[in-house]
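Analysis of the macromolecular model
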Amino acid sequence: MAAKKADFDKWAEEFHISPVVARILRNRDLTEETEIQKFLHGTLEDCYSPWLLKDMEKAVELILQAKSDGVPIRVIGDYDVDGICSAYILTKGLQMLEAQVDVAIPHRIHDGYGLNDNLIEEAREDGIGMIVTCDNGIAAAPQIALAASYGIKVIVTDHHEVPFVEEDGIRKELLPPALAVVDPKRAECNYPFPNICGGVVAYKLIQALYERVSEQSQATEEYTGDTTEISRCGSFDQTLEELLEFAALATICDVMELKDENRIIVKEGLKRLQNTANPGIRALMEVNSVQPEKLNAYHLGFVLGPCLNATGRLDTAKRALELLQSVTKTEAMSAASELKALNDSRKNMTLKGVEEAEQYVAEHHLEQDNVMLIYLPKVHESLAGIIAGRIREKYNHPVFILTKGEEGVKGSGRSIESYHMYEHMTEVKQYFTKFGGHKLAAGLSMREEDIEPLRAALNERSGLTEEDFIPEVHIDVPMPLSYAEDALARELSLLEPFGVGNPKPLFAQKDIRFQAGYKMGANGNFARFRVYAPEGMPIEMVYFGDLERFGAFLEEKYGAGSEAALYAGKGDFLVSVTYQLGLNTFRGNTKMQFIMQNYC
């Protein structure tokens with residue numbers, strides 16, 4: 001349980017919140033009143049200047065010079081949501097500057113992640129003079145060197161970890177030979193909040209470009225009296241408003257922590273997305289039955305985002321980019337319908353892949369491994385990351401899902417908090433032909449014959465103990481059910497948007513008496529229970545988790561027939577639970593709802 005101290009009553013009075021919400025804020029590692037003010041009421045003015053990013057000045061000068069000289073610029077993104085949004089942001093932003101720009105997205109299977117030799121060769125053949133990467137490039141030193149040999153200038157914008165080697169215990173970064181490398185993860189970069197996604201880095205670049213052009217235009221107007229450029233610059237603000245929507249979408253879908261400026265970007269981006277003028281996003285909401293005015297972070301991460309991702313997984317991510325670039329509603333609806341169909345297919349393939357992975361774990365006794373390496377040669381390589389995430393959630397171990405690609409083995413990893421996946425992969429990099437990633441996620445290519453040696457090496461060096469595999473449940477406040485009220489449930493909305501780094505508040509109470517229950521949903525896959533707090537008051541509590549596991553828990557703790565007794569209304573079982581407070585609207589009536597999360 002989180003139990004961090006502060007003067008909660010003082011915070012409550014100063015910020016007009018309840019002591020309960022004040023305690024939750026402290027549990028989000030906020031200690032200063034200025035931090036609380038920014039968390040609750042931060043605006044875009046509280047975000048950091050793009051000029052604080054290392055090499056931003058270089059990148060801006062180079063791009064504006066290329067634009068002035070009429071040099072063809074190619075934006076090269078990636079095939080996930082962050083890469084697609086980054087590419088959209090840079091392309092639209094540069095078009096507003098009247099630069100000569102086009103865009104390329106690598107094909108997951110034919111090209112692989114990020115820059116590759118084929119993309120460089122295509123750029124040379126097409127007469128491209130400058131490449132600007134987004135959400136990739138930091139690990140593409142050979143490809144950037146190849147581009148330079150052809151006279152193509154390269155600017156890298158990325159947010160991934162910088163490759164490094166250790167020499168005499170000292171870490172030495174291996175920066176690519178680009179003319180500018182804008183990546184907040186660089187050791188020399190003093191950006192105050194480095195945990196931003198590729199889309200935000202791209203947004204910062206466009207913001208800096210617009211600032212510089214506006215400054216130059218202002219100087220020209222003062223000197224000559226010509227207001228033409230000033231008028232054009234007035235549309236920059238409008239463009240940045242739209243591009244903020246995609247920075248927010250990328251932040252959620254790339255699972256960035258919703259702290260500091262990420263929280264502001266998502267909060268402000270959601271406001272704009274609810275009234276978006278982008279035909280593609282509006283169409284994607286429509287085919288998924290999402291009401292724009294009710295759009296929240298959940299819809300971005302689990303409804304719209306997966307549709308955009310599905311194209312890069314099963315076909316080509318260019319379709320997702322084309323959706324975002326749609327001009328008419330007709331073409332947008334056609335593209336959105338296609339994306340939704342692809343995502344539905346992806347869901348079915350994923351379920352099958354997860355079943356195969358669980359079978360592999362059982363057959364190979366991988367529960368005994370600290371780091372799970374699961375080889376599923378027939379699984380579509382684009383689903384490896386999703387499957388790895390599902391297996392990680394079930395076993396709470398670092399997981400790599402390996403599949404058979406066109407050239408050797410490809411894979412994706414998902415990690416736990418106590419295991420920095422990218423750094424541990426760097427320790428055994430001899431087994432990879434290509435790799436990259438973060439603390440909690442990574443991608444790789446390798447030879448099939450190296451799978452077993454890699455498994456042994458990763459487990460030998462894992463440094464993990466049994467305690468690392470025990471899931472931690474962080475309770476914000478141990479609060480009796482009887483203390484909860486509608487006003488508190490509504491007040492919790494001040495803490496939205498919820499996500500990684502800012503989870504929905506979790507409360508707890510011991511010894512709740514479960515008396516009755518009935519299953520709900522088309523497949524009876526969630527339930528509503530009648531429970532009694534220790535004080536004796538009856539309360540309805542819903543549970544959207546694994547009902548079979550909850551039933552098995554009751555049978556084990558209270559004997560055979562307990563589950564049936566509960567659903568027959570004859571239960572008398574004491575259960576300690578963690579719960580969340582929500583608001584449920586039914587037929588125009590909104591009331592507080594208790595949602596069970598954990599039990600023991």
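Each remark here, short or long, concerns the structure printed above.
As a starting point, this report considers the structure included with it. (Residues numbered from 1 in each chain as written. Predicted model: local features only at pLDDT ≥ 70, side-chain atom pairs only at ≥ 80, totals over all residues. Heavy atoms only, no water.)

What to know about the overall build of the chain
When helices and strands are tallied, the chain shows 20 helices and 18 strands. The C-alpha radius of gyration computed for the chain amounts to 26 Å, which stays within 12% of the reference 25 Å derived for 600 residues, consistent with globular compactness. If you line up the chain on its principal axes, its C-alpha atoms span 80 × 65 × 55 Å. Across the chain, every contact between residues at least 6 apart in sequence was considered, and the portion connecting residues at least 24 apart equals 66%. The averaged location of the 92 negative side-chain charges in the chain is 5 Å from the averaged location of its 62 positive side-chain charges. (Helix = DSSP H or I, 4+ residues; strand = E, 2+ residues; numbered from the N terminus. Rg over C-alpha atoms; globule rule 2.2 N^0.38 Å. Contact = heavy atoms within 4.5 Å. Lys, Arg positive; Asp, Glu negative; His and termini not counted. Charge placed at Lys NZ, Arg CZ, Asp CG, Glu CD.)

Let's talk about the packing of aromatic side chains
In the structure shown here, the tally under the stated rule is 21 aromatic pairs. Judged by centre distance (5.5 Å) and plane angle (55°), the rings of Phe529 and Phe550 are tilted. Placement of the pair is Phe529 in strand E15 (residues 526-532) and Phe550 in helix H19 (residues 547-558), with a sequence separation of 21 residues. In this structure Phe529 comes out as buried when scored by relative accessible area, which is 1%. For Phe550, a relative accessible area of 1% puts it in the buried group. Seen in terms of ring centroids, Tyr543 and Tyr599 are 6.1 Å apart; in terms of plane orientation they differ by 85°. Their pairing is edge-to-face. Residue Tyr543 is located in strand E16 (residues 538-543), and its partner Tyr599 is located in strand E18 (residues 589-599); the two are separated by 56 residues in the primary sequence. One exposure class covers both Tyr543 and Tyr599, and it is buried. By the ring-pair criterion, three or more aromatic residues cluster together here, those being Phe514, Phe529, Tyr543, Phe550, Phe553, Tyr567 and Tyr599. (Phe/Tyr/Trp six-rings, centres within 6.5 Å; stacked < 30°, edge-to-face > 60°. Buried < 20%, exposed > 50% of the residue type's maximum accessible area, 1.4 Å probe, protein only.)

Thoughts on the sheet that holds strand E10 (residues 409-414)
With mixed pairing, the five strands of this open sheet are ordered in space as E8-E9-E10-E12-E11. Two strands close off the open sheet at either side, each with one partner strand: strand E8 (372-375) and strand E11 (432-437). Neighbour-to-neighbour, the strand axes of this sheet turn through a mean angle of 15°, independent of strand direction. Strand direction decides the pairing type here: strand E9 (residues 399-404) and E10, joined by six bridges, are antiparallel. If you follow Lys404 over to E10, its bridge partner there is Val409. (Pairing = 2+ DSSP bridges. Axes fitted to C-alpha atoms, helices over the stretch in contact; angles between N-to-C directions.)

A few points about the sheet that holds strand E7 (residues 180-182)
In spatial order, the strands read E2-E1-E3-E4-E7; together these five strands make up an open sheet with parallel pairing. If you trace the sheet from one side to the other, it starts and ends with strand E2 (101-104) and E7, each paired once. Pairwise comparison of adjacent strand axes, ignoring direction, gives a mean angle of 20° for this sheet. Sheet analysis places strand E3 (residues 130-133) next to strand E4 (residues 153-157), joined by three bridges and oriented parallel. Residue Ile131 lies in a different strand from E4, and its bridge partner there is Val154.

A closer look at helix H10 (residues 260-273)
Over its 14 residues, H10 extends 20 Å from the first C-alpha to the last, a length consistent with the 20 Å expected when each residue adds 1.5 Å. A large share of H10 lies buried, amounting to 11 of its 14 residues. Among the residues making up H10, those that are buried are Glu261, Asn262, Arg263, Ile264, Ile265, Val266, Glu268, Gly269, Leu270, Arg272 and Leu273. (Expected span 1.5 Å × (residues − 1).)

Concerning the nonpolar core
Counting residues in hydrophobic clusters, the biggest one holds 85 residues, and the most contacted among them are Leu94 and Leu209. Top contributing element to this core by residue count: helix H9 (residues 228-253), with 11 residues. Excluding residues that lie within four positions of it along the chain, Leu209 makes contacts with Val60, Ile63, Leu64, Leu94 and Leu97. (Core = buried A, V, L, I, M, F, W, Y, C linked by side-chain atoms within 4.5 Å.)

Remarks on unusual backbone geometry
A cis amide bond, omega 0°, links Glu496 with the succeeding residue Pro497. Inspection of the secondary structure puts Pro497 in the loop between helix H18 (486-491) and strand E14 (507-520). Even without being glycine, Asp260 reaches a positive phi, approximately 50°. Judged by its relative accessible area of 29%, Asp260 falls in the partly exposed class.

Looking at the pattern of salt bridges
On inspection of all chains with the given rule, the structure shows 30 salt bridges. Note that Glu121 is salt-bridged to Arg124, the shortest N-O span being 3.3 Å. In this pair, Glu121 and Arg124 both sit in helix H6 (residues 117-125), three residues apart, roughly one turn of the helix. Since its relative accessible area comes to 23%, Glu121 is described here as partly exposed. (Salt bridge = Lys/Arg side-chain N within 4 Å of Asp/Glu carboxyl O.)

None of the figures reported here should be taken as evidence of function without further support.
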